[in-house]
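Residue-level listing of the chains:
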Amino acid sequence: MTNFSDNFALRGRNTFGLDAEARHWAEFRTAAELRDILLRCREQGLPWYVLSGGSNIILTGNFPGAVIHPAADGIALIGPGLVRAEAAVVWDDLVAWSVERGLGGLENLSLIPGYAGAAPVQNIGAYGAEAKDTIETVEYFDAATLETVRIPKEACAFGYRESVFKGSLKGRAIVTAVEFRLTPEADGKYAYNIGYGDLHDRVMELGGPSLRNIRQAVIAIREAKLPDPAVTGNAGSFFKNPVIPAAQAAELRERYPEMPGYACNGGAAVKVPAAWLIDRAGWKGFRSGTVGVHPKQALVLINLGGATAQEILNLARRIICDVEQKFGVTLSMEVNIL
Ligand SMILES: Cc1cc2nc3c(=O)[nH]c(=O)nc-3n(C[C@H](O)[C@H](O)[C@H](O)COP(=O)(O)OP(=O)(O)OC[C@H]3O[C@@H](n4cnc5c(N)ncnc54)[C@H](O)[C@@H]3O)c2cc1C
């Protein structure tokens, strides 16, 4: 029978470094172990929650049930360009593995914290790439039927930091493995993706596009801009970039001609960088007690030491209200709240 560790401290299991305890902590490697954990939760009427790398979560208090943690971390090439990663593979280890083997598709997503199993849940993205661009199949364990299910990417309802796992399958699907379709660099047909932000210039400085150079450039840019959670507690981007009607964007551009934005929905809407709105509203580098806004990236809220979830959420609400008043744009949170 799978072991339940009782009164388990979660502080070292979330990158915000928040203090909280799980009534039980249960790790699984196989579908049989996961089935066992879920059956125990059912029998004892316990709620459960999946926590992987804890890099996109705010823990608001002690969890009264079982926190389920994936532990299987194998990576395997299962066909030409087809890579299977089990849920507990550290995401950046998978990126490094693929780049070392000359398989393209994940390099722009270098250094994103967390586990491979969370990548389809969040549809992680950075530097013009998203997990959905390479995901072929997601395997999950269905807590309702207690069976393993495999779904193709078309059934994952991927959107901007969205997926079916945050929608209709929330609280039901536990991702156990993800399969990615990658492209061999050696074929000479791989289309490198370096058009985003300052990536192009960095890659050129390193000698031009290659999987290794892109990975190296992305890592350098990220290390320069983002706080290291091992040093400063944070969960990466706290807010999503809002998508607003094109007419509203045009009005805002009359007031703020320098406002950046990317046309989407066939030109009917514009995605505005939340970081720009927060920065323009004067919050970048803000500090109050135990919480603050990162001085180099306004999207990142930081724990200055001993912050509580309430203090972080209060700061987030103040920013949301202020941005709404100044720009008429409502920010929504990217981070998950438990
Ligand atoms: C410094 C920093 C930089 C970041 N940069 C980026 C970035 O550039 N792009 C980006 O997209 N994100 C970024 N993030 C956010 C975060 O790294 C990603 O969202 C990551 O995918 C979270 O993985 P995790 O394993 O830590 O998930 P967790 O935080 O453990 O969980 C996140 C959510 O997914 C659910 N979940 C996790 N694993 C599973 C599973 N196996 N099955 C079902 N549900 C599951 C959890 O229940 C929870 O709701 C950043 C975070 C930090 C701290």
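As shown above, the structure is provided for reference.
This one's a predicted model, so the numbers in the text were calculated from it and none came from an experiment.

## Points about unusual backbone geometry
The phi dihedral of Asn123 falls on the positive side, at around 45°, and the residue is not glycine. Here Asn123 shows up in the loop between α3 (119-122) and β9 (125-126). Positive phi is not limited to glycine here, since Asn265 has a value of about 50°. Its 11 C-beta neighbours within 10 Å are what place Asn265 among the exposed residues.

## Side note on the sheet that holds strand β16 (residues 243-245)
Spatially, three strands are ordered β16-β18-β17 in an open sheet, and the strand pairing comes out antiparallel. Each having just a single partner strand, β16 and β17 (262-264) make up the two edges of the open sheet. Put simply, the sheet's adjacent strands are angled 35° from each other on average, direction ignored. With three bridges joining them, β16 and strand β18 (residues 269-271) adopt antiparallel strand pairing. For Pro245, the partnering residue across the bridge sits in β18 and is Ala269. Sheet strands in contact with helix α6 (residues 246-255) are β16 and β18, and its direction is about 90° off that of β16.

Rules and cut-offs
- Residues numbered from 1 in each chain as written.
- Predicted model: local features only at pLDDT ≥ 70, side-chain atom pairs only at ≥ 80, totals over all residues.
- Helix = DSSP H or I, 4+ residues; strand = E, 2+ residues; numbered from the N terminus.
- Buried ≥ 20, exposed ≤ 12 C-beta atoms within 10 Å, placed from the backbone.
- Pairing = 2+ DSSP bridges.
- Axes fitted to C-alpha atoms, helices over the stretch in contact; angles between N-to-C directions.
- Contact = placed C-beta atoms within 7 Å.

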